[in-house]
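Below, each chain spelled out in residue letters.
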Amino acid sequence: MIVFKNVTKRYDNGTIAVDDLSLEAPKGRITIFVGPSGCGKTTSLRMINRLIAPTSGSILLDGQPTEAMNLAQLRRKIGYVIQHAGLFPHLNVVQNIATTARLKGIAKKQALLIASELLERVGLDLSFGNRYPWQLSGGQQQRVGVARALASDPEFMLMDEPFSAVDPVVRHQLQEEFLRLQRDIGKTIIMVTHDIDEALKLGDQVAVLRTGGVLAQVASPKELLSN
Ligand code: ADP
Ligand code: ADP
């Protein structure tokens, strides 16, 4: 479980990006942060893996405050997927996926094996393994990004607009595939999106943020739809 306890982020220029946020992202579920551009979604996500430090408050992973954890250990628990995949341009697909497994201390041969298996799980066949990122479509790059995040078998997944940069048809396909994948892997996921339809489709729980980084409500998609 991921818990936000009264988390506030005030940037040096005075902007309050996140204002006293408290919520729980339950184990094995997808929690979506949704809201307009600038409402503090990315800031909230990046505070979990300490790319950004909260000004006050605390974030706990399975009861452990993140600020008390060793940074490398913290990051090994977390898979991170961003909008434009962020693949390493000088590594081929299998090598890209294997990097996170290697960081966890898995031997090279085994890491490459894990990477090949994950390729299939994200809907790419083995022939993609030796391509380079620039030889892939946006949707294929996102698939590789998801596989790379999964290669270390993290307990938690943070996903920042993972399906936003691809065209609507591919987006729909990636969303469906992702739901199927999650049914198997059951990770504790926080995903950020500005797309309310995506939030309702993918979320077990949806946290609606307002401008100023204020949490408006947390509800299931069913509850949100009936309001
Ligand atoms: P979202 O992900 O919902 O679009 P962000 O978390 O990126 O929102 O940003 C929240 C607010 O904080 C916005 O007003 C944004 O301009 C501001 N912000 C984000 N990063 C910084 C920064 N490094 N310095 C100052 N303000 C920032
Ligand atoms: P995205 O929405 O794709 O994450 P942004 O343009 O919101 O892209 O942010 C890109 C980078 O700029 C982030 O690292 C963010 O922290 C930073 N940033 C965003 N808004 C501001 C701001 N108002 N002042 C300074 N840095 C900002």
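Bear in mind that the values here come from a model prediction, so they are computed numbers and not experimental data.

With that out of the way, let us pick up the site of ligand 1. All residues adjacent to ligand 1 are Tyr11, Asn13, Thr15, Ala17, Pro36, Ser37, Gly38, Cys39, Gly40, Lys41, Thr42 and Thr43. Here an oxygen atom of ligand 1 sits 3.1 Å away from a polar atom, N or O, in the main chain of cysteine 39. A distance of 2.5 Å is found between an oxygen atom of ligand 1 and a side-chain nitrogen or oxygen belonging to threonine 43. Protein contacts shield 61% of the accessible area of ligand 1, which totals 560 Å² for the unbound molecule. A total of 3 residues in the shell around ligand 1 trace back to one element, the largest contributor, which is helix α1 (residues 41-48).

At a minimum axis separation of 11 Å, helix α5 (residues 138-150) and helix α6 (residues 168-185) run at an interaxial angle of 20°. For the element pair α5 / α6, the angle class is roughly parallel. Of the two elements, α5 crosses α6, and the hand of that crossing is right-handed. Residues Gly139, Gln142, Arg143, Val146 and Leu150 of α5 form the contact with α6, whose own contacting residues are Val170, Gln173, Leu174, Glu177, Leu181 and Ile185. Looking at the contact of α5 with α6 residue by residue, the class counts come to 6 nonpolar, 3 polar and 2 charged.

Analysis parameters
- Residues numbered from 1 in each chain as written.
- Chains lettered and ligands numbered in written order.
- Predicted model: local features only at pLDDT ≥ 70, side-chain atom pairs only at ≥ 80, totals over all residues.
- Heavy atoms only, no water.
- Near = heavy atom within 4 Å.
- Polar contact = N/O pair within 3.5 Å; in protein donor to acceptor, adjacent residues only side chain to side chain.
- Areas by Shrake-Rupley, 256 points an atom, 1.4 Å probe, with all protein chains shown as cover.
- Helix = DSSP H or I, 4+ residues; strand = E, 2+ residues; numbered from the N terminus.
- Axes fitted to C-alpha atoms, helices over the stretch in contact; angles between N-to-C directions.
- Parallel < 35°, antiparallel > 145°, perpendicular 65-115°, else oblique.
- Left-handed = near helix turned anticlockwise from the far one by under 90°.
- Contact = heavy atoms within 4.5 Å.
- Nonpolar A, V, L, I, M, F, W, Y, C, P; charged D, E, K, R; others polar.

Without other data, these values stay purely geometric and don't point to any function.
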